[in-house]
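Now for the letters of each chain:
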Amino acid sequence: MGRNTFDKLVCLLADDPIFESQGKKPQRHVKVQLAAFLLRYGNRGSNTFIVERNLNISEGSVFDYCRRVVKAVRRLHSQFLGWPDESRKTEISQYIENRSGFPNCIGCCDGSLIRFTEEPMVNGDQYRCRKKTWAVRTSCISLLITVY
């Protein structure tokens, strides 16, 4: 994540009440809590020791910071995620058809990896990906179905 994106995300998260201290001790700045989250989950789901060492914080703080960041990000979803209305679906579908010749499609995803933190117990070697970790690859196409 680039610095500008990081700073914008900090600004979006900073107003969430979860980052307001409920006790006598003040919380660490949102920047530190977001950094802990990104270090832990952005590095192939690294263990807490790496985050503790890099940010000089306790193991319990790593878990607390990650929990807070996840809750705050989830609260932002309605500002950034939504399903298109009918006119937007038609516009997207037309664009995709013009580019690919594939009619009635409103979206697609190809090649995204969902990583596992541990090797699956059954047929674990089958989940080894090109990035030297365990994962499943997703592919999907969303079709626009018109009912007449």
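Note that this is a predicted model, so its numbers are computed, not measured.

Some details on the packing of helix α1 (residues 3–14) against helix α2 (residues 30–41)
Close contact between α1 and α2 brings their axes to 10 Å; oriented N to C, the two are set at 120 degrees. Regarding the angle of α1 to α2, the classification is oblique. Crossing hand, α1 versus α2: right-handed. Contacts from Arg-3, Phe-6, Asp-7, Leu-9, Val-10, Leu-13 and Ala-14 in α1 reach Val-30, Lys-31, Leu-34, Ala-35 and Leu-38 in α2. Class assignment for the residues of the contact of α1 with α2 results in nine nonpolar, no polar and three charged.

A closer look at helix α4 (residues 59–75)
Taking 1.5 Å per residue, 17 residues should reach 24 Å; α4 reaches 25 Å between its end C-alpha atoms and fits that length. What α4 keeps buried is the set Ser-61, Val-62, Tyr-65, Cys-66, Arg-68, Val-69 and Ala-72. In a view along the axis of α4, the buried residues occupy a sector of 165 degrees, so they form one face of it. Its buried side turned inward, α4 meets α1, α2 and α3 (48–55).

Considering the environment of Lys-31
With respect to the element layout, Lys-31 can be found in helix α2. Between the C-alpha atom of Lys-31 and that of Leu-9, which follows or precedes it by 22 residues, the distance is 9.1 Å. When residues no more than four places from it in sequence are discounted, the contact partners of Lys-31 are Arg-3, Phe-6, Asp-7 and Val-10.

Considering the nonpolar core
Counting 18 residues, the largest nonpolar core has Leu-13, Phe-19, Leu-34 and Ile-57 as its most contacted members. Those elements giving two or more residues to this core turn out to be α1, α2 and α4. No other element matches the five residues that α4 contributes to this core. Setting aside residues no more than four positions away along its own chain, Leu-34 makes contact with Phe-6, Leu-9, Val-10, Leu-13 and Val-69.

Considering the packing of aromatic side chains
What the rule picks out here adds up to two aromatic pairs. On the numbers, 5.7 Å between centres and 65 degrees between planes, the contact of Phe-116 with Tyr-127 is edge-to-face. Residue Phe-116 is found in the loop between β1 (105–115) and β2 (135–143), and its partner Tyr-127 is found in the loop between β1 and β2; the two are separated by eleven residues along the sequence. Looking at Arg-128, its charged tip hangs above the ring of Trp-134, at a distance of 4.9 Å from the centre.

Description of the environment of Tyr-65
Mapped onto the elements, Tyr-65 comes out in helix α4. Taking the C-alpha atoms as reference points, Tyr-65 and Cys-11, 54 residues apart in sequence, are found 16 Å from one another. In this view, Tyr-65 contacts Arg-28, Val-32, Gln-33, Ala-36 and Ile-57; residues no more than four positions away in its chain are not counted.

Parameters at a glance
Residues numbered from 1 in each chain as written. Predicted model: local features only at pLDDT ≥ 70, side-chain atom pairs only at ≥ 80, totals over all residues. Heavy atoms only, no water. Axes fitted to C-alpha atoms, helices over the stretch in contact; angles between N-to-C directions. Helix = DSSP H or I, 4+ residues; strand = E, 2+ residues; numbered from the N terminus. Parallel < 35°, antiparallel > 145°, perpendicular 65-115°, else oblique. Left-handed = near helix turned anticlockwise from the far one by under 90°. Contact = heavy atoms within 4.5 Å. Nonpolar A, V, L, I, M, F, W, Y, C, P; charged D, E, K, R; others polar. Expected span 1.5 Å × (residues − 1). Buried < 20%, exposed > 50% of the residue type's maximum accessible area, 1.4 Å probe, protein only. Arc of directions from axis to C-beta. Core = buried A, V, L, I, M, F, W, Y, C linked by side-chain atoms within 4.5 Å. Phe/Tyr/Trp six-rings, centres within 6.5 Å; stacked < 30°, edge-to-face > 60°. Lys NZ or Arg CZ within 6 Å of the ring centre and 35° of its normal.

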